[in-house]
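Next come the chains, spelled out residue by residue.
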Amino acid sequence: MEAADAPLMMVAGVLLIFVALIILLAVVLKPGNQIPLSRRRPDVPATASRLTILTDTAVGAIDRQLKGKSSFLVSREKLERAGLRTPPANFLLMMGAGTVAGSLFGYLLGGPFFAVLMIAAVPACMLGYLSLLTSRRKSKFDEQLPDTLQMLTGSMRAGHSLLRAIDASARESDAPMAEELSRIVNETRIGRDLGESMTEVSARTGSEDFGWIAQAIEIHREVGGDLAEVLDHVGETIRDRNQIRRQVKALSAEGKMSAAVLMGLPVVLFFALILINGQYAKTFTSTVPGYLMLGVAAVMLTAGGFWLSRLIKPKY
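All residue numbers refer to positions counted from 1 along the written sequence of the respective chain. Under the rules for a predicted model, residues below a pLDDT of 70 receive no local features and side-chain atom pairs below 80 are neither given nor counted, while totals for whole chains, interfaces and linings still include all residues. Neither water nor hydrogens contribute to the side-chain values; these are computed over all heavy atoms in the structure.

Where helix H13 (residues 278-286) contacts helix H14 (residues 288-311), the axes come no closer than 5 Å and their chain directions differ by 85 degrees. As judged from the angle between their axes, H13 and H14 are roughly perpendicular. Residues Thr-283, Phe-284, Thr-285 and Ser-286 of H13 lie in contact with H14, whose contacting residues are Gly-290, Tyr-291, Met-293 and Leu-294. Counted by class, the contact of H13 with H14 contains 4 nonpolar, 4 polar and no charged residues. Geometry is summarised by axes, namely lines fitted to C-alpha atoms with helices restricted to the contacting stretch, and by angles between N-to-C directions that run from 0 to 180 degrees. Counting from the N terminus, the helices are DSSP H or I runs at least four residues long and the strands are E runs at least two residues long. Orientation categories follow fixed angle ranges, with anything under 35 degrees roughly parallel, anything over 145 roughly antiparallel, 65 to 115 roughly perpendicular, and all other angles oblique. Note on contacts: a residue pair qualifies if any of its non-hydrogen atoms lie within 4.5 Å across the two residues. In the scheme used here, Gly and all other residues not listed as nonpolar or charged are polar, with Ala, Val, Leu, Ile, Met, Phe, Trp, Tyr, Cys and Pro taken as nonpolar and Asp, Glu, Lys and Arg as charged.

So, about helix H8 (residues 177-189). Under the 1.5 Å per step criterion, the end-to-end length of H8 is 18 Å for 13 residues, consistent within 8% with the ideal 18 Å. We call a residue buried when its accessible area falls under 20% of the maximum for its residue type, exposed when it is over 50%, and partly exposed in between, using a 1.4 Å probe and counting protein chains only. Listed in full, the buried residues belonging to H8 are Met-177, Ala-178, Glu-180, Leu-181, Ile-184, Val-185, Glu-187 and Thr-188. In this fold, the buried residues of H8 make contact with helix H6 (112-157), helix H7 (162-172), helix H9 (194-205) and helix H10 (208-223). To estimate how far a helix should extend, the number of its residues minus one is multiplied by 1.5 Å.

Within the largest apolar cluster, 25 residues are counted, with the highest numbers of intra-cluster contacts made by Met-198, Phe-210 and Ile-213. Mapped onto this core, the elements with two or more residues apiece are H6, H7, H8, H9, H10 and helix H11 (227-251). Ignoring anything within four residues of it in the chain, the contact list for Ile-213 reads Leu-145, Leu-149, Met-198, Leu-231, Val-234 and Ile-238. For this analysis, a nonpolar core means a set of buried residues of the types Ala, Val, Leu, Ile, Met, Phe, Trp, Tyr and Cys, connected via side-chain atoms within 4.5 Å. Formed by 11 residues, the second largest nonpolar core is a distinct cluster that contains Phe-91, Met-94, Val-122 and Met-126.

A word on the pattern of salt bridges. We define a salt bridge as a contact between a side-chain nitrogen of Lys or Arg and a carboxyl oxygen of Asp or Glu at a distance within 4 Å. Scanning all chains against the criterion turns up 19 salt bridges. Two residues, Arg-183 and Glu-80, come together in a salt bridge whose shortest N-O distance is 3.6 Å. Taken together, the positions of Arg-183 in helix H8 and Glu-80 in helix H4 (residues 76-81) put the pair 103 residues apart, joining distant regions of the chain. You can call Glu-80 partly exposed: its relative accessible area is 26%. Of the charged contacts, one joins Arg-137 and Glu-180 as a salt bridge, the two residues approaching to 3.0 Å between their closest N and O atoms. One end of the pair, Arg-137, is in helix H6; the other, Glu-180, is in helix H8, and 43 residues separate them in sequence. Comparing Arg-137 with Glu-180 shows no difference in burial state: the two are buried. One connected set of salt bridges, linked through shared partners, spans Glu-80, Arg-85, Arg-137, Glu-179, Glu-180, Arg-183, Glu-187, Arg-192, Glu-196, Glu-200 and Arg-204.

Distances and angles like these do not, on their own, reveal function.
Put into structure tokens, the structure is as follows:
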């Protein structure tokens, strides 16, 4: 890269980073309960900025390409599991803008090697963050389940129907439990079967315990009996499982930390070597044998990470 082109490339990289941040704030993190301008100021004609028009055009093009495809990197179901209410097209647009900005930034820092590295790293980091949000939402849902079940049984013993008890529990709970219970109530009110809605919540959240609750309610609807007492027994089982789950998590924490250190240490040392003395790492970033060695190292790290993940993930 010539010296005269470096300032121009730097300015272009900074501009692309700002564009990615604007898309993140205006499209993905846009609040869903915003009052439209037509209601706030009826006399003022609604006008859209050029950035909004450009963004809407790009989102529409991505939607047309995704039409008829069940999943491409992300789907609406994956975003719902993570608690994100943005369409897949918006998420893919943000991923593409971040990848372009990251690749240009990497090219300015270290040349083509870092540009290619950022092209792979930015989507991987965004998908990893999506998986992290999904895992956190699932864990919080499982933690809220025993208290929610206790509220359900209390409401039914007070004389409320099952649907009314679910509605009351949704009002008293926090997210994500409140969101899922409200969705059950809304779907049931428009004619969907209660058992189907609860089974779908169990599949969407990945909660086996909530699946037991749905099965208990379905059995009660067929054979009758005291549903509150049945749910009390299910709640006791869920509390025992949560206690065992916390014990297993505490016992496997050391193995998880060891796996994280073993996976992260080679990568951290490689980048530290580049920062301390770039000539030592030049062989890996500028020659074909160096690329081959990095590829072999990546394959070995991937295989080792998969093996370690199986060792520290006990089943019970």
